[in-house]
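# Structural overview
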Amino acid sequence: MSETVHKSVMPGEVLDLLTSRSGKVYIDGTLGGGGHTESLCRYSKDVRVIAFDRDIEAINRTEKRLRSVFAGTDPFPVRFVHADYRFFEDALDLLNIEKIDGFLLDLGLSSDQLADDSRGFSFDSAGNLDLRFDVSEGLSAAEMLARLPEKEISRILYEFGEERHSRTIARRIAECRRSGQPLQTARQLADLVRECVPKFWKTKGRSIDPATKTFQALRIAVNDELNALAETLRRLPNRLAQGGIAAVISFHSLEDRIVKNTFRDDPRWQPLTSKPVTASEAEVSRNPRSRSAKLRAALLV
Ligand SMILES: C[S@@+](CC[C@H](N)C(=O)[O-])C[C@H]1O[C@@H](n2cnc3c(N)ncnc32)[C@H](O)[C@@H]1O
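All residue numbers refer to position in the chain's written sequence, counted from 1. A pLDDT threshold of at least 70 governs which residues receive local features in this predicted model, and a stricter bar of 80 or more applies before side-chain atom pairs are shown or counted, although totals over entire chains, interfaces and linings include all residues. Excluded from the side-chain calculations are hydrogens and water; all other atoms, namely the structure's heavy atoms, are used.

This paragraph deals with the overall build of the chain. What the chain contains, in helices and strands, is 13 helices and 9 strands. Scaling as 2.2 N^0.38, a compact globule of 301 residues should have a C-alpha radius of gyration of about 19 Å, and the chain matches this with 20 Å. The principal-axis extent of the C-alpha atoms belonging to the chain is close to 60 × 40 × 40 Å. When accessible area is computed with a 1.4 Å probe and restricted to protein chains, residues below 20% of their type maximum are described as buried, those above 50% as exposed, and intermediate ones as partly exposed. Residues counted as buried form 52% of the 301 residues belonging to the chain. A separation of at least 24 residues holds for 71% of the contacts in the chain among residues at least 6 apart in sequence. Starting at the N terminus, helices and strands are each numbered in turn, a helix being any DSSP run of H or I of at least four residues and a strand any DSSP run of E of at least two. Each radius of gyration is computed over the set of C-alpha atoms, and the globule rule expresses the reference value as 2.2 Å times the number of residues to the power 0.38. The contact criterion used is simple: two residues touch if any of their non-hydrogen atoms lie within 4.5 Å.

Let us now look at the packing of helix α7 (residues 150–161) against helix α10 (residues 212–222). For every element, the axis is a line fit to its C-alpha atoms; helices are fit only across the contacting stretch, and the angle between N-to-C directions ranges from 0 to 180 degrees. Between α7 and α10, whose axes approach to 8 Å, the crossing angle comes to 100°. As judged from the angle between their axes, α7 and α10 are roughly perpendicular. Taken together, the residues of α10 that come into contact with α7 (itself represented by Ile-156, Leu-157, Phe-160 and Gly-161) are Lys-213, Thr-214, Ala-217, Leu-218, Ile-220 and Ala-221. Amino acids are sorted into nonpolar (Ala, Val, Leu, Ile, Met, Phe, Trp, Tyr, Cys and Pro), charged (Asp, Glu, Lys and Arg) and polar (every other residue, Gly among them). Its residues assigned to classes, the contact of α7 with α10 shows 7 nonpolar, 2 polar and 1 charged. Oblique is the label for any angle not under 35 degrees, not over 145, and not in the 65 to 115 range, which are roughly parallel, roughly antiparallel and roughly perpendicular in turn.

This part takes up the site of the ligand. Residues in contact with the ligand amount to 24 residues; listed here are only the nearest, Ser-8, His-36, Asp-53, Asp-106 and Gln-113. Side-chain polar atom of Ser-8 to an oxygen atom of the ligand: 2.6 Å apart, as the coordinates give it. Polar contacts, as counted here, are pairs of nitrogen or oxygen atoms within 3.5 Å of one another; within protein the pair requires one atom able to donate a hydrogen and one able to accept it, and residues that are adjacent in sequence qualify only if both atoms are side-chain atoms. Gly-33 is positioned with one of its backbone polar atoms (N or O) 3.0 Å from an oxygen atom of the ligand. Reported accessibility uses the Shrake-Rupley method at a 1.4 Å probe radius. Residues are deemed covered only where the shown protein chains occlude them. Contact with the protein chains covers 98% of the free accessible surface of the ligand, which is 610 Å². Per-class residue counts for the shell around the ligand are 6 nonpolar, 12 polar and 6 charged. Near, as used in this document, describes a residue that has one of its heavy atoms within 4 Å of the molecule or strand being considered.

Turning our attention to the state of the cysteines. The disulfide criterion is simple: two cysteine sulfur atoms within 2.5 Å. Inspection of every chain in the model, using the stated rule, returns 0 disulfides. Cysteine Cys-196 shares no disulfide, and the gap to the nearest cysteine sulfur, in Cys-176, comes to 8.8 Å. Owing to a relative accessible area of 14%, Cys-196 belongs among the buried residues under this scheme.

This brings us to the domain arrangement of the chain. Taken domain by domain, the chain comprises domain 1 (11–112 + 225–300) and domain 2 (135–222). Here the C-alpha centroids of domain 1 and domain 2 sit 30 Å apart. If you look at the interface, domain 1 gives 11 residues, while domain 2 gives 8 residues. Buried surface area refers to the total accessible area, computed with a probe of radius 1.4 Å, that the two partners give up upon joining, counted for both partners together. Here domain 1 meets domain 2 over a buried area of about 890 Å², counting both sides, of which 44% is carbon and sulfur. Looking only at domain 1, the three residues that lose the most surface to domain 2 are Glu-225, His-252 and Arg-291, adding up to 48% of its buried area. We count a salt bridge whenever a side-chain nitrogen from Lys or Arg sits within 4 Å of a carboxyl oxygen from Asp or Glu. For the pair domain 1 and domain 2, the number of links is 2 salt bridges. Domains are outlined according to an automatic or database domain assignment.

Taking 1.5 Å per residue, 13 residues should reach 18 Å; helix α8 (residues 166–178) reaches 18 Å between its end C-alpha atoms and fits that length. All of the buried residues along α8 are Ser-166, Ile-169, Ala-170, Ile-173, Ala-174 and Cys-176. The arc that holds every buried residue of α8, seen down its axis, measures 155°, which confines them to one face. Among the exposed residues of α8, those oriented more than 90 degrees off its buried face are Arg-167 and Arg-178. Turning to α8, the residues buried within the fold contact α6 (141–147), α7, α9 (186–196) and α10. To estimate how far a helix should reach, multiply one less than its number of residues by 1.5 Å. Starting at the helix axis, one direction is taken to each C-beta atom, and the arc is that of these directions.

Spelled out as structure tokens, the structure:
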């Protein structure tokens with residue numbers, strides 16, 4: 001299956017920012033369904049994209065799709081790298097590329113991952129509570145919850161999910177463990193959280209499932225997402241050409257804070273967005289996932 005169900009967020013805004021200086025070599029650190037990579041490659045026949053994803057299924061599916069989209073284009077404009085984007089320097093070394101002109105991150109998970117019940121991203125799936133982008137390494141969320149001390153689980157939920165009921169949820173998880181019934185599926189965890197957290201809560205008129213914060217926090221911890229982002233933004237100036245542009249779309253306040261503070265406080269960056277760019281109403285109604293997206297960009301001085 002080479003089709004993607006993922007709709008790229010703010011594709012026009014991202015392309016405008018990344019191409020506001022002429023460039024040839026870009027990194028897309030989060031390939032997903034390949035929408036942003038595709039629009040960069042369509043923008044100019046001189047563009048080359050080195051595209052990373054930790055998820056081998058995303059790489060395989062999107063490589064197949066883009067090979068068909070750009071069939072007959074010589075040279076083929078995309079290099080696919082199955083790796084964490086934080087290792088971008090290693091990939092550039094291997095490819096003998098000293099500097100790049102632009103770098104894009106579109107953080108979080110894709111709709112393709114959400115739709116795959118075996119990954120555990122969807123709250124009501126009977127699939128294993130995995131939550132890893134790369135299922136070949138590290139601990140799954142179920143393994144993590146089976147091993148970590150209750151206090152540490154509570155800290156993760158509070159810090160990464162801003163979950164006010166973190167202690168109650170962690171206590172219930174530890175009780176399940178002690179009774180010889182550790183959590184195994186996404187649905188089991190979602191049901192447990194719903195028992196601990198009062199009802200559905202509403203934000204801006206929308207009902208939010210009480211399990212949202214817990215799943216987001218665990219996913220961030222399992223994939224070490226905040227460290228990957230912070231490390232990468234710190235090292236990116238080493239390999240971005242002068243005048244090169246970095247653009248980041250985030251969906252979580254902690255991620256956005258890292259991006260905002262780096263672009264504001266590190267004198268090597270000149271912010272191109274004083275406030276984060278957000279999706280238009282028309283986009284949000286077409287693609288509800290874009291509602292919480294924040295896009296920031298900066299130029300390397
Ligand atoms: C929101 S999707 C990207 C969608 C893409 N921009 C598009 O237009 O289709 C995020 C993707 O990034 C991947 N990802 C998340 N963290 C990553 C990391 N540290 N390194 C590489 N890939 C990562 C996920 O596996 C997922 O496929």
